[in-house]
Amino acid sequence: MVAMEESLGIEPAPERPSVDAAADFTRAIEHGRPDFAHGVILYLDDISVSFDGFQALNKLSLAIDVGELRCIIGPNGAGKTTMMDVITGKTRADSGTAFFGQNVDLREMSETEIARAGIGRKFQKPTIFENHTVFENLELSMKADKRVRTALFAKLASDERDRIAETLRLIRLDDAADNVAGLLSHGQKQWLEIGMLLMQEPKLLLLDEPVAGMSDDETERTAELFVSLAGKHSLVVVEHDMAFVARIARTVTVLHEGSVLAEGPMDRMQNDPRVIEVYLGR
Amino acid sequence: MRTLLIALWLFASGAHALEAAIVEKLAFGESDEQVAAIAALVAAGDEKAAAVLQALAEGELQTAGKSVLIVKGEEATDAVTGAKVAPLPAEREDVIANNRLRRELAGALAGLKLISPQREIRLAAAKELAGGADAAMLPLVKKALEKETDAELKSMLGQIAAAMELKDGSKEARIAAIRMLGGSNNPNTKMLLLSVLEKGKDGSFAEPDEEVRRDAQASLRAVEGRLAWGERLGILFTSISLGSILLLAALGLAITYGLMGVINMAHGELIMVGAYTTYAVQNLFRAHAPGAFDWYLACAVPAAFVVPAAVGMLLERSVIRWLYGRPLETLLATWGISLVLIQTVRTIFGAQNVQVENPGFMSGGIEILVGVVLPWSRIVIVLFAAAVLTGIWLLLTRTRLGLFVRGVTQNRAMASCVGVPTPRVDTWAFGLGCGIAGLAGCALSQIGNVGPDLGQSYIVDSFMVVVLGGVGQLAGTVYAALGLGFANKLLEAWQGAVLAKIAVLVFIIMFIQKRPQGLFALKGRAVEG
Amino acid sequence: MGPIADRIASAIARLYGARGWSTLAAFALVLFVMFPLCNLVVPPGNPFYLSAYWVTLVGKIMCYAIVALAMDLVWGYTGILSLGHGLFFALGGYAFGMYLMRQIGSDGQYRANMPDFMVFLDWNEFPWQWWNSDQFWWCALLVVLVPGLLAYVFGYFAFRSRIKGVYFSIITQALTYAAMLLFFRNNTGFGGNNGFTDFKRILGIPITIPETRMALFAITGATLIAALLLGRYIVTSKFGRILAAIRDAEQRIMFCGYDPIQYKLFIWTLSAVMCGIAGALYVPQVGIINPGEMSPANSIEIAIWVAVGGRGTLVGAIVGAGLVNGAKSFFTQAFPEYWLYVLGLIFILVTLFMPKGVVGLWSQWKNRSA
C-alpha cells in the first residue's frame, strides 16, 4: 500500500503559483481561492431542482469535509446524478445554496469556472476524447494555463511529460499511451477518465459509478486508489456496487426522492430499516 | 356657360318624354345650341336620351330631311319616337360633332351611365365620377341618387354629390355635405376634407366660414379613424394569410424535424413537388374534363399529398435511414436530394415558371372597405391551413400511427422493445411530413407562380418557424408561424419588405440567444454527455 | 543554433514530414514557375501554352481552396458546420471590390468620378460605408476586419448561448440569407442586384493585362500555401487537440477547465477572416462580385468541397475544392443541364459512402496495397 502510494504521486503537487496567477479571468480565482479553513470543502443547503414538475432534488442538504471520502447511494431517480450536475454547474438549482469551501458560490459559476476552482468530475458513462491518444487525453486534462493564447504556443515541458508518464503507470495504460482512446476496453476507459481527473489535480473529485463495467481485479485496484487518494483530496463517489461501497466507505449518504434519507457508517446504513425499505431491501 | 346649362336644365327638368325640339336642336343647331341640347338630354336622364347621345358619340346619328335617325348598319330608328324607319331613306347626312361637342358628350355619357339599368355600368360610372366630376353633373348625380336602390352605390353617389356641393353650394349645403362626408370610408374624401381646411398662399383659408371648417375637422377625424381601421384590418388579414402560409410550409417540418429530428433540407423541394402535382392535375382536367375544371382541386389536394409523401418515403428508405443520429450528414445529403429534385422538375416541366389557375370560386374577393379586398384564394388558404392543422393534430393524438410516432420520438429503444415497428414508423412519419409539405405546395400554387426554385424561398422561413416554435411542439409551430406572419407584415408596413425580413431574421437570432430551445421546449432532465 | 532557430526547426518538423514538404515544394514549383512560364513566356499556339482561361480558373479554385481550408478548421476539426461561410467570403470580396470600384475613376459609362450605379441612382456623394474606400490599405483592412468582426460578434452570442449542431448551421444559413437580401437592396449602397463589376485597375495598374493576372494568381497561390501551413500549425498544436476535443466531448473539455467558447470563437473568427481574404483575392481575378455569392446554396457547397476531400485533413479540403470546382466548370460548359444532378449526387453519395472523403479512400487504398 505504501509503495503504491508513492508510485501514485499523490503527494499534493507543489503549488505552482504561475498558473493560478496567470489565470486572471476566472472569477473564482480572482475573487479569492476557495477557503477551506473551516474544514468543509463542499456545502449544499436546501437545494431544489425540478424538471417539468418532476422534483429531482428536494431540499437536499449535504456537507463534505476536506479530505473525506463520501459514498452516495440510492435507488434510480434518487437524484444522485442531478446533485453532481448542480455541483458542477451543468444544472442550475431552483433554490438553495451551494458553496465550495467557505466562500466560492458555485451557483454563480460556469462549468469551466467550477472546474478551474478545483472540482473534477467523472461521468457515469466514461467520457474521454475518443479520437485522441491516451497520452493526449492526459495532456489535455493536465493542470495548466488553459487559455487560448497559451494553448496555441504550448510545448510540453519535461516535468509535465514525467507527470503524464507517472499517471500512465498509475492507471496501467503506459503500454497504450499512443493508442487511440476510443479503442480501449470499457474498464480501461474508466481508468483513463480517472487518470484525467487526477491530472487536473482537483481538490474535490466527483465520481459517478466509477467501477461500472470493471473486472473484479480492476475494481479492487480502484478501491485501493480511492482510499489512498482520500485525505489529500476529497472524494464523492456515487456507486451501485455495494461491495465496492462497503470496501471504501467511511461515511455513506443515502438519497431518496431528491433528499437525504440517512447518513452514517456503512454498517449502520445497511441495518437502517428506512434504507432497507427504499433501497437495500429490494 | 355653366349658368346657361343650369338654366336649360331648369327649363327641361319637367320633360320626361324626349322632346322633338331638343333632338332637332342637337341635329341641326349651331354649336352653342347643340351643347345646350346635350345638357337637356342629360337632364332628361332616360334611356332614349342616352341612346341618342350614344349614337352621336359613335357617329350613328344622321338626318334625313327633317327627321333625325339613329342608323345602325342597315337599320334605322327615329331618334325622337324610337319607331323603326324602313326603308332606309336614301338621302342622309351625318351629324358632325366637333371637338367641343365631343368633350361635352363624353361627360354627358358618363353621367348617363349612372342611370343605366346594369349595376356594373353604374358602379363604373360612379367610380369614375368619384375621382373628380364637373359641377354641371350635380343635378344628374342627385337624380341618380334618388333613383338608386343599391346601398353601396347610394353611398358612393352621396359622396360624389357632397363633394360637388362643397365646391359650389351654399353654407348650409356645404355643412350638410361635410357631415355626409364624415360618414365615408373612402380615401378620396380625406383629400377633399383636407382641401377644405387648406390655407391659401396669403394665409386665408380655402373655406372662408369657420363653422364649416370646424365641421370639416370633425368629419376629417372620423374619416381618418375609419381609414386607419381599414388599414389595420388589411394588415391583420395579410398577417394571418402570411402566417397560415408559413404554418403550412412549416407543419411538415414540425413533424420531420420537430418530432423525428431529421433535418430535411429538401423540404422546400417537396413543397415544390406538391405545387407541380397540382399543376399537372390542373392540366389533366383542362385537357380531359374542361367542364369540371372548377373541381380540379378536389383531385389535386389528395394528389399533392400522395406524390410528395411517396417521394419522401422513398427518400427515407434509400438515403435518410442510413444517416439517423448524424444530423449534419443528413443535412448535406438532403440538400443533395433537393438539387436533384430541382433539376428533375426542370427537365420534366422546363425551367420557366408555370401558371396554376384558380378555380372559379376562388377568384375575386370580399371588399370590406374601399381599397381593402380580402381575396377568396387567401381566405380559402387560411381555412385550409386550419384544416390541415386539425388533421395533423387528430392524427397525432387519436390514431395508432400518431401514438407510435410520439412513442418513437420520446424513447426509440423503449418503443422498439414494446413492439412498435420503429423503422416502419419512421418511414410513415417521414412520408406524412413530406405529404404535408406537398399540401403547402398545393396551397402556394393558388396564390403565386410555380417554379423549380419555389422551395428554396421557403426553406429558410420554415426552419425559422420550427426553430422559433421549439422542437417537438405543434402549438409552438402554430404560434411561431402566426407570430412571424404578424411581425413580417407589421414591419413591412413600417420599413418595407426586405428590411422587415432582415429584422425578423435578426430577431430570431437574438431570440435563440435567450431561449435556445425555442418558445415551447420541454425542459428535460439533463442527459449525460 | 539559437533558440529561435531551434523553435523554427521543430515547428517545420512538426508541420510535415519530408514527403509532405517535398510535395508542397513541387506544388509551389508548379504555381510559381510553371504557370508564369507557360502563360507569359511560352507563345500562344505552343503545346505548352497556358491560356488566360486556365490561369483564372486555377486562381479561382485556389481562392475556393482557402475557403475550404477555413471551413475544415471549423467543421472538420471543431465540429461546427457553418452554412454561412459564403457570407464572409462575399464580405471580403465586397470590401476589396469597393477599392476596385474607386479605381475605375472617371472611366465608367457615365464618366463621373463615382461608380456607375451611384450615378444611376442619382447619388451625389458617397454613402458612409464608402468612407476612405479609395485607399488600398483601408480596404485591405476592411477585408480582414468586416468578416472578422461580424464572425466574432455572431459567434460570441451563438457560442455563449450554446447553440450548436444543426441549430447553429440553420442560423448561419439564415444569417447569410438575411445579408443577401440586404445586399440586393439598392439603398444598401453596394450596387444592389448587379454588385460590382467592370473593374479597370488595381493600384493604378490595368487589371486585365496578363502580368497583373499572373501576379494575382501568384499572390493567391502564396496565400493558399500560407493558409495551409497556418492551419497545419494550429491543428498540430495543443490548441488543435483541444478543438478536436471540443468536437468529440464538449462537456468533458469544460469539466477539464477549458472555456470552449473562447476556443470556438478564436477558430471561428480566424476562419471567417481567411474567407474574407479569399474573397478579396477572388474578386479582382473573376472580375465580379454580387449578392448571389451570399446565397445559402453557395455556402452549403463549401461544406461539400470539404466532405469530398475528407474532413479534418486540411489537404482534403484543398483536394475537394479542386475536384468539385473542376467538375463544375467542366459540366457547366459541356452538359449544363446535368450539373445539378452531379452535384446533388455528390452530396448524397459522399455522405453515405465516403465519410472520410477522397483522402480517406486514398489512405485506405495505400494501407491495403502496403
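Residues numbered from 1 in each chain as written. Chains lettered and ligands numbered in written order. Predicted model: local features only at pLDDT ≥ 70, side-chain atom pairs only at ≥ 80, totals over all residues. Heavy atoms only, no water.

It is worth spelling out the environment of Ala387(B) at this point. Relative to the assigned elements, Ala387(B) resides in helix α15 (residues 376-398). Taking C-alpha positions, Ala387(B) is 14 Å from Cys442(B), a pair spaced 55 residues apart along the chain. (Helix = DSSP H or I, 4+ residues; strand = E, 2+ residues; numbered from the N terminus.)

Quick look at the nonpolar core now. Grouped together as the largest cluster of nonpolar side chains are 266 residues, with contacts concentrated most on Leu192(A), Phe226(A) and Phe196(C). Among the elements that line this core, the one with the most residues is helix α3 (residues 52-77) of chain C, at 15 residues. Among all residues touching Phe196(C), those that are not within four sequence positions of it are Tyr94(C), Gly97(C), Met98(C), Met101(C), Phe117(C), Trp130(C), Phe190(C), Gly191(C), Gly287(C), Ile288(C) and Ile289(C). Core analysis: the second largest hydrophobic core is formed by 44 residues, Ile38(B), Val42(B), Leu114(B) and Val141(B) among them. (Core = buried A, V, L, I, M, F, W, Y, C linked by side-chain atoms within 4.5 Å. Buried < 20%, exposed > 50% of the residue type's maximum accessible area, 1.4 Å probe, protein only. Contact = heavy atoms within 4.5 Å.)

We now examine the interface of chain C and chain B. Where interface size is given, it is often the accessible area lost as the parts come together that is meant. Contact residues are listed per partner, giving 40 residues for chain C and 41 residues for chain B. Summed over both sides, the interface of chain C with chain B buries roughly 3,700 Å², with 78% coming from carbon and sulfur. The tally of links from chain C across to chain B stands at 1 salt bridge. Among the ionic pairs, Glu329(B) bridges to Arg311(C), the shortest N-O distance being 3.0 Å. At the junction of chain C and chain B, the tally comes to 5 residue pairs in polar contact (both at pLDDT 80 or more). Where the side of chain C that touches chain B is concerned, the elements lending two or more residues are α6 (136-160), α7 (165-184), α12 (296-309) and α14 (339-353) of chain C. Among the elements that take part in the side of chain C that touches chain B, α7(C) stands out by supplying 13 residues, more than any other. (Buried area = accessible area lost by both parts, 1.4 Å probe. Salt bridge = Lys/Arg side-chain N within 4 Å of Asp/Glu carboxyl O. Polar contact = N/O pair within 3.5 Å; in protein donor to acceptor, adjacent residues only side chain to side chain.)

All names here are of chain B. Looking at chain B as a whole, its pLDDT mean stands at 80, while 89% of the residues score no less than 70. Taken element by element, the predicted model of chain B shows its lowest mean pLDDT in helix α1 (residues 2-12) (49) and its highest in helix α13 (residues 296-318) (94). Predicted confidence for residues 10-16 stays below pLDDT 50, and this span has 3 contacts to residues more than four positions away or in other chains. Here residues 523-529 scores under 50 on pLDDT; set against residues more than four positions off or in separate chains, the count is 21 contacts. (pLDDT = per-residue confidence, 0-100.)

Here we come to the sheet that holds strand β4 (residues 84-85) of chain B. Residues and elements named next belong to chain B. With antiparallel pairing, 5 strands are arranged side by side in an open sheet as β4-β3-β2-β1-β5. The sheet terminates laterally at β4 and β5 (93-94), the two strands that pair on one side only. Both strand β2 (residues 67-72) and strand β3 (residues 75-78) contribute to a ladder of 4 bridges, which runs antiparallel. Bridging across to β3, valine 71 finds its partner in alanine 76. (Pairing = 2+ DSSP bridges.)

Applying the stated criterion to the full structure yields 50 aromatic pairs over all chains. Both rings, one in Tyr279(B) and one in Phe349(B), keep their centres 5.8 Å apart while their planes meet at 70°; by these two values the pair is edge-to-face. In this pair, Tyr279(B) sits in helix α12 (residues 267-288) while Phe349(B) sits in helix α14 (residues 327-349), placing the two residues 70 residues apart along the sequence. Judged by its relative accessible area of 32%, Phe349(B) is partly exposed. The rings of Tyr94(C), Phe117(C), Trp123(C), Phe126(C), Trp130(C), Phe183(C), Phe190(C) and Phe196(C) are connected pair by pair, giving a single aromatic cluster. One cation-aromatic arrangement involves Arg232(B) over Trp229(B); the distance from NZ or CZ to the ring centre is 4.9 Å. In this structure, Arg14(C) is placed above the aromatic ring of Tyr233(C), and the distance from its NZ or CZ to the ring centre is 4.4 Å. (Phe/Tyr/Trp six-rings, centres within 6.5 Å; stacked < 30°, edge-to-face > 60°. Lys NZ or Arg CZ within 6 Å of the ring centre and 35° of its normal.)

So, on to the packing of helix α19 (residues 456-469) of chain B against α7(C). Helix-helix packing: each pair is described by the crossing angle between the helix axes and the interaxial distance. Contact geometry of α19(B) with α7(C) gives a least axis separation of 10 Å together with a crossing angle of 130°. By the criterion of interaxial angle, the relationship of α19(B) to α7(C) is oblique. As α19(B) packs across α7(C), the resulting crossing turns out to be left-handed. Between α19(B) and α7(C), the residues in contact are Ser457(B), Val460(B), Phe463(B), Met464(B) and Val467(B) and Tyr167(C), Ile170(C), Gln173(C), Ala174(C) and Tyr177(C), respectively. Residue composition of the contact of α19(B) with α7(C), grouped by class: 8 nonpolar, 2 polar and no charged. (Axes fitted to C-alpha atoms, helices over the stretch in contact; angles between N-to-C directions. Parallel < 35°, antiparallel > 145°, perpendicular 65-115°, else oblique. Left-handed = near helix turned anticlockwise from the far one by under 90°. Nonpolar A, V, L, I, M, F, W, Y, C, P; charged D, E, K, R; others polar.)

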